[in-house]
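Coordinate analysis (summary)
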Amino acid sequence: MTRRESKTQWTGPEGDAATESRLAGLATAGARITALTRVIEGNQQQITVVLDESLDYPRLTEAPHLTVLDVDSTLIDQEVIDLLAEYAGVGQEVARITELAMQGEIDFEQALRKRVGLLAGTPAGAIESIGSAVTLRHGAEELVKVLQAHSCQVGLVSGGFVQVIAPVANALGIDLVAANQLEVVDEEITGRLDGPIVDRQGKAQALQRFAQDTNVSAKNTVAVGDGANDIEMLQVANYGVAFNAKPALQEVADVVVNSPYLSDCLYVLGLTPRAT
């Protein structure tokens, strides 16, 4: 990633009228926020913003027409496979493999098949139980609503499982979804996957397919993710946002957002967290 950043940084308490007004003003003016960090300590919240004031920055000249979001640990708070693993009593084994995959230290497909294999014999009812335990990231619904209010298509891609993700997408009014499918036979998870794998390259291909299906130019696409398996997706998008991301993803992203609120990504896209 190559960019020139100004040294301009400022902080202010979240909720402070001057702070929020300045953020809104930056978005309205189309200023390029290249990094945004929101830190919560007790009841106090601080926002730190880094601005890019260069004239030759080549990215994101207008609001996106397609934004594709990773799901686990980005749109939602959890890693779905870890929830299923806890249900099945293999949480520690799966968590170790998950972390290696997110850090890019093990091939994603190999890691996925190993983790899913540990779920063999789990009752299919676990999928619905896990789905009811999933929680959206703070600001996720607001992010989606604001994007949709600005005529931006929203898509979800995940190395997780469509049986859990589809209800989340439906609740948010999202039709574009790509994820893996757990094989279920005789009301049990078999430990195998049904259909093609959505891995690192599969996520990138899904973004490109979504763009084609919605007639969106590549220059108007944004991708948001948190792990190493999102690298290719952020690279094929015109603008890549690393949200509370692992170091490997931060290195290739156009902008880094570290915040408890997914809606803070709107600021770096030149929008404000208020649907109009």
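Residues numbered from 1 in each chain as written. Predicted model: local features only at pLDDT ≥ 70, side-chain atom pairs only at ≥ 80, totals over all residues. Heavy atoms only, no water.

A count of helices and strands for the protein chain gives twelve helices and eleven strands. The buried share of the protein chain, taken over its 276 residues, is 52%. Contacts spanning at least 24 positions in sequence make up 64% of the contacts within the protein chain whose residues lie at least 6 apart. Accessible surface, the protein chain: about 12,400 Å² in total, of which carbon and sulfur atoms supply 46%. (Helix = DSSP H or I, 4+ residues; strand = E, 2+ residues; numbered from the N terminus. Buried < 20%, exposed > 50% of the residue type's maximum accessible area, 1.4 Å probe, protein only. Contact = heavy atoms within 4.5 Å. Areas by Shrake-Rupley, 256 points an atom, 1.4 Å probe, with all protein chains shown as cover.)

For A223, the position within the fold is in strand β9 (residues 221–225). When its relative accessible area of 0% is taken as the criterion, A223 is described as buried. For the pair A223 and Y239, spaced 16 residues apart in sequence, the C-alpha separation works out to 6.5 Å. Other than its neighbours up to four places away in sequence, A223 contacts V68, L207, M233, L234, A237, Y239, G240 and V241.

Look at helix α3 (residues 80–88) against helix α6 (residues 125–133): their axes get within 10 Å of each other, and the N-to-C directions meet at 125°. Here α6 runs oblique to α3, going by the angle between their axes. Here α3 runs over α6; the crossing is right-handed. The residues of α6 that touch α3, namely those facing V80, L83, L84 and Y87, are A126, I127, S129 and I130. Across the contact of α3 with α6, the residue classes break down as seven nonpolar, one polar and no charged. (Axes fitted to C-alpha atoms, helices over the stretch in contact; angles between N-to-C directions. Parallel < 35°, antiparallel > 145°, perpendicular 65-115°, else oblique. Left-handed = near helix turned anticlockwise from the far one by under 90°. Nonpolar A, V, L, I, M, F, W, Y, C, P; charged D, E, K, R; others polar.)

Take the nonpolar core next. With 59 residues, the main nonpolar core has I33, L36, L75, F161, V241 and V268 as its most contacted residues. V157, A206, A245 and V256 belong to the second largest nonpolar core, which has 21 residues in total. (Core = buried A, V, L, I, M, F, W, Y, C linked by side-chain atoms within 4.5 Å.)

For strand β6 (residues 176–180), the buried fraction is high: four of the five residues fall into the buried class. For strand β5 (residues 153–161) and β6, the ladder comprises four bridges, and the chain directions are parallel. Its bridge partner lying in β6, G155 is registered against L176. Crossover connection from β5 via helix α8 (residues 162–172) to parallel β6: handedness right-handed. (Pairing = 2+ DSSP bridges. Right-handed = clockwise from strand over helix to strand, strands pointing away.)

What follows covers α8. For an α-helix, 3.6 residues make a turn, and residues three or four places apart therefore share a direction. Among the residues of α8, V164, I165, V168, A169 and L172 are the ones counted as buried. Take α8 and look down its axis: the buried residues cluster within an arc of 125°, on one side only. Structural note: α8 exposes N170 and A171 on the side pointing more than 90 degrees away from its buried face. Elements in contact with the buried residues of α8: α2 (71–75), α3, α6, α7 (140–149), β5 and β6. (Arc of directions from axis to C-beta.)

Before going further, it helps to examine the environment of M233. Structurally, M233 can be placed in helix α10 (residues 231–236). Put simply, M233 and V68 are 165 residues apart on the chain and 8.8 Å apart in space, counted from C-alpha to C-alpha. Those residues in contact with M233, other than ones at most four positions away along the chain, are V68, D70, V157, K203, A204, L207, A223 and V224.

Turning our attention to the pattern of salt bridges. Using the criterion set out here, one finds eight salt bridges in the structure. Where R137 meets D77, a salt bridge forms, and the shortest distance between an N and an O atom there is 3.9 Å. A residue pair is termed long-range when its members are at least 10 positions apart, and R137 in the loop between α6 and α7 and D77 in the loop between α2 and α3 qualify at 60 residues. (Salt bridge = Lys/Arg side-chain N within 4 Å of Asp/Glu carboxyl O.)

What follows covers α3. Turning to α3, its buried residues are V80, I81, L84 and A85. All buried residues of α3 project into a common sector of 140° when viewed along the axis, lining one side. Residue G89 follows α3 closely and has a positive phi angle near 80°.

Detailed conclusions should not be drawn from predicted coordinates in areas where pLDDT is low. Across the protein chain, the average pLDDT comes to 87, with 88% of residues at or above 70. For the stretch residues 1–9, pLDDT sits under 50, and the model shows 29 contacts to residues farther than four places along the chain or on other chains. (pLDDT = per-residue confidence, 0-100.)

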